[in-house]
Amino acid sequence: MNFPKNFLFGAASSSYQIEGAWDEDGKGESIWDHFAHIPGKIKNGENGDIACDFYHRYRDDIQLMKEIGLQAFRFSINWPRVIPDGYGKVNIKGLDFYNRLVDELLAAGIKPCVNLYHWELPQTLQNLGGWMNRDCAKWFSEFSSVIADKLGDRVDDWMTLNEPMMSASLGYVLGYHAPGLKKPLQFFKVVHHLLLGHGLSVKAVRAEAPSCKIGIALDLRPVYPESESIKDLQAVKNADALMRRTFLDPIFNGTYPPLFNKQNILARARIKEGDLKIISTPIDYVGINTYSRDKVRYSRWAIGTGFTGPSEKTVDKEYVKDGIQYTAMNWEVYPQCIYEILMMLKKDYGNPDVYVTENGAAFTDTVENNRVHDIKRISYLKDHLTGVKQALDEGSNCKGYFVWSFIDNFEWSEGYCKRFGLIYVDYKTQKRIIKDSGLWYKNLITSNKC
Ligand code: IFM
């Protein structure tokens, strides 16, 4: 099964999950530094203070990327590392880290793909309301300008936000993620400000780097009903509107789905004239982060949405139920997910250029004689790439695929127990081991087929 000649194979990461050095070289505090330091918020009391120590080990890690043949590396910029207070003074040492990282990647022949926001909001801005404050969109665009001004001469590929749905839902409604708020009535306001920030950031980056390509990484999953009842089928429509169309419709069409009409208590954002025009500023591609599908059911208690979604209940370990494999995140392995999302984008949004910006799986890994035989991860990746290939054969404009993740890392509220990497990390010693999946990926990249 061959992929097109210029199809890009990479791997992804994010700053808080790998960098560590949380208070070094003038870095300010992020909402994740703050949240993870609150006892009880993260499993086993862990935090990202050290993580994979990528801040100090990036040179060696880039050699590992080279060893497994990565063509591209997607990473995020830690906003308060560069602008400690969120706006105003730039921390040159922080900016210089990303400058060196880009140079080192290019020297290794690896394409740097910059994601501007993977949830590392400066805590100072959270103290001013975070994304509930409309000014946050403006501060984000100023931060984007600073980064594009510095890196835009060497970085061609950009993303504004990673998974704004997760920022808004886990961060402001369910409270599992930083900033840890439970304010459902603020949901849509947060979404709107994030999307406004996205639109302003697209313009800011283009102003500094006119020939770059810029998009956004959205978490998109096919939605299925738990039963065939009319109410569950309606729940699917609502879930689809909330989780998919809330983001794709304004970006591609300049409208919000009807779920957010004025009568809906969730729709408390003040949308000003011209906002949707900014949000729908044309982008060069859309990134999709896809891992599984969601099953939803009707719920009369879910005010404003009418459905309850996938359970957030976590498990210790992967398992098989009714013949279906679930990962250690308790996510169903549903390999058609990427194919279905790519086909949906083709049918409903004019077949834009797409990158699969994240796909991968957490399984329990064990080290035996300095090797990690992660066959379940290999089969997961292989089956999902088969879906990509099928979509390409049916006319999708998918241009590349990034494994989540390049390296085991800090999995947010789950701490370090969930491993997604192609590279294993022994957190006590920071020793790395290329897993069998890393070697398998290398072979796929070299042969261009799976
Ligand atoms: O680790 C996360 C990443 O930060 C965002 N997308 C999903 C991954 C796995 O949960």
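Structure: see above.
Below is a summary of the structure that appears in this document.

This part takes up the packing of helix α7 (residues 135-151) against helix α9 (residues 187-208). Put simply, α7 and α9 touch, their axes get as near as 8 Å, and they point 30° apart. Looking at the two axes, α7 sits roughly parallel to α9. The two elements α7 and α9 meet at a crossing, and its hand is right-handed. Listed contacts from α9 to Ala 137, Lys 138, Phe 140, Ser 141, Ser 144, Ser 145, Ala 148 and Asp 149 of α7 are His 193, Leu 196, Gly 197, His 198, Leu 200, Ser 201, Ala 204, Val 205 and Glu 208.

Here we take up the pairing of strand β4 (residues 157-162). A large share of β4 lies buried, amounting to 6 of its 6 residues. Sheet analysis places strand β3 (residues 111-117) next to β4, joined by 4 bridges and oriented parallel. In the sheet register, Cys 113 faces β4, and the bridge partner there is Asp 157.

With respect to spatial proximity, the complete set of residues near the ligand consists of Gln 17, His 118, Trp 119, Asn 162, Glu 163, Tyr 291, Trp 331, Glu 358, Trp 404, Glu 411, Trp 412 and Phe 420. When its residues are assigned to classes, the shell around the ligand shows 6 nonpolar, 3 polar and 3 charged.

What follows covers helix α14 (residues 436-447). Because an α-helix packs 3.6 residues into every turn, residues spaced three or four apart end up facing the same way. For α14, which comprises 12 residues, the first-to-last C-alpha distance of 16 Å matches the rise-based estimate of 16 Å (1.5 Å per residue) to within 8%. All of the buried residues in α14 are Asp 436, Ser 437, Gly 438, Trp 440, Tyr 441, Leu 444 and Ile 445. As for α14, its buried residues are in contact with β1 (8-12), β14 (371-372), α13 (375-393), β15 (398-404) and β17 (431-434). A positive phi of about 60° marks Asn 448, the residue just after α14.

Here we take up the sheet that holds strand β6 (residues 223-225). By definition, the strands of a sheet pair up through backbone hydrogen bonds, in either a parallel or an antiparallel sense. Pairing is mixed across the open sheet formed by 3 strands, whose spatial order is β6-β8-β9. Each of the sheet's edge strands pairs with one partner strand only, and the pair in question is β6 and β9 (307-308). Judged from the 2 bridges that link them, strand β8 (residues 294-298) and β9 form a sheet pairing that is antiparallel. Within β9, the residue paired with Tyr 298 across the bridge is Phe 307. Where helix α10 (residues 230-253) meets the sheet, its contacts fall on β6, β8 and β9, and the angle it forms with β8 comes to roughly 125°.

A few words on the sheet that holds strand β5 (residues 213-219). The sheet built from 8 strands closes into a barrel, its strands ordered β1-β2-β3-β4-β5-β7-β12-β15 with parallel pairing. Between one strand axis and the next, the sheet turns by 25° as a mean value, whatever way the strands run. The sheet contacts of α10 involve β5 and β7 (285-289), and relative to β5 the element is tilted by about 160°.

Within the structure shown, the criterion is met by 30 salt bridges. One salt bridge connects Asp 96 with Arg 100, and the closest N-O pair in it is separated by 3.2 Å. Taken together, the residues span about one helical turn, with Asp 96 and Arg 100 both in helix α5 (residues 92-107) at a distance of 4 residues. Looking at Asp 96, the relative accessible area reads 30%, which means it is partly exposed. What makes Arg 100 partly exposed here is its relative accessible area of 30%. Each of Asp 365, Asp 374, Arg 377, Asp 408, Arg 419 and Lys 435 takes part in salt bridges that share partners, so that together they form one network.

Next up on the list: the packing of aromatic side chains. The geometry of an aromatic ring pair is captured by two quantities: the separation of the ring centres and the angle between the planes. One pass over the structure, following the stated rule, counts 39 aromatic pairs. Each residue in the set Tyr 16, Trp 32, Phe 35, Trp 119, Phe 410, Trp 412, Tyr 416 and Tyr 427 is aromatic and connected to the rest through ring pairs, giving one cluster. Its guanidinium or amino end placed over the ring of Phe 97, Arg 81 lies 6.0 Å from that ring's centre, counting from NZ or CZ.

This part covers the nonpolar core. Residues Trp 158 and Tyr 401 are the most contacted members of the largest nonpolar core, which totals 147 residues. If near-sequence neighbours (up to four positions away) are discounted, Tyr 401 is found in contact with Phe 7, Leu 8, Phe 9, Gly 10, Ile 338, Val 356, Asn 359, Leu 381, Leu 385, Val 388 and Tyr 441.

Moving on, we get to the environment of Asp 322. You can see Asp 322 is positioned in the loop between β10 (319-321) and β11 (324-326). A residue is classified by how much of its surface remains accessible, and Asp 322, at 72% relative accessible area, is exposed. In this structure, the C-alpha to C-alpha distance between Asp 322 and Val 90, residues 232 residues apart in sequence, is 54 Å.

A cis amide bond links Ala 178 with the next residue in sequence, Pro 179, at an omega value of 5°. Tracing the chain through its elements places Pro 179 in the loop between α8 (164-172) and α9. With an omega of 15°, the peptide bond between Trp 404 and Ser 405 qualifies as cis. With respect to the helices and strands, the residue Ser 405 is situated in the loop between β15 and β16 (423-426). In this model, Asp 322 sits at a positive phi of 50°, which is unusual for a non-glycine residue. Of note in the backbone geometry, Asn 448 takes a positive phi value of approximately 60° without being a glycine.

Take the state of the cysteines next. Using the criterion set out here, one finds 0 disulfides in the structure. Free of any disulfide, Cys 212 has its nearest cysteine sulfur in Cys 113, 12 Å distant. Among the residues examined, Cys 212 registers a relative accessible area of 6% and is labelled buried. There is no disulfide at Cys 450, and the cysteine sulfur nearest it, in Cys 398, is 13 Å away. According to the relative accessible area criterion, Cys 450 is partly exposed, its value standing at 25%.

How each quantity is defined
- Residues numbered from 1 in each chain as written.
- Predicted model: local features only at pLDDT ≥ 70, side-chain atom pairs only at ≥ 80, totals over all residues.
- Heavy atoms only, no water.
- Axes fitted to C-alpha atoms, helices over the stretch in contact; angles between N-to-C directions.
- Helix = DSSP H or I, 4+ residues; strand = E, 2+ residues; numbered from the N terminus.
- Parallel < 35°, antiparallel > 145°, perpendicular 65-115°, else oblique.
- Left-handed = near helix turned anticlockwise from the far one by under 90°.
- Contact = heavy atoms within 4.5 Å.
- Buried < 20%, exposed > 50% of the residue type's maximum accessible area, 1.4 Å probe, protein only.
- Pairing = 2+ DSSP bridges.
- Near = heavy atom within 4 Å.
- Nonpolar A, V, L, I, M, F, W, Y, C, P; charged D, E, K, R; others polar.
- Expected span 1.5 Å × (residues − 1).
- Salt bridge = Lys/Arg side-chain N within 4 Å of Asp/Glu carboxyl O.
- Phe/Tyr/Trp six-rings, centres within 6.5 Å; stacked < 30°, edge-to-face > 60°.
- Lys NZ or Arg CZ within 6 Å of the ring centre and 35° of its normal.
- Core = buried A, V, L, I, M, F, W, Y, C linked by side-chain atoms within 4.5 Å.
- Disulfide = S-S within 2.5 Å.

Treat this as a map of the structure, not an account of what it does.
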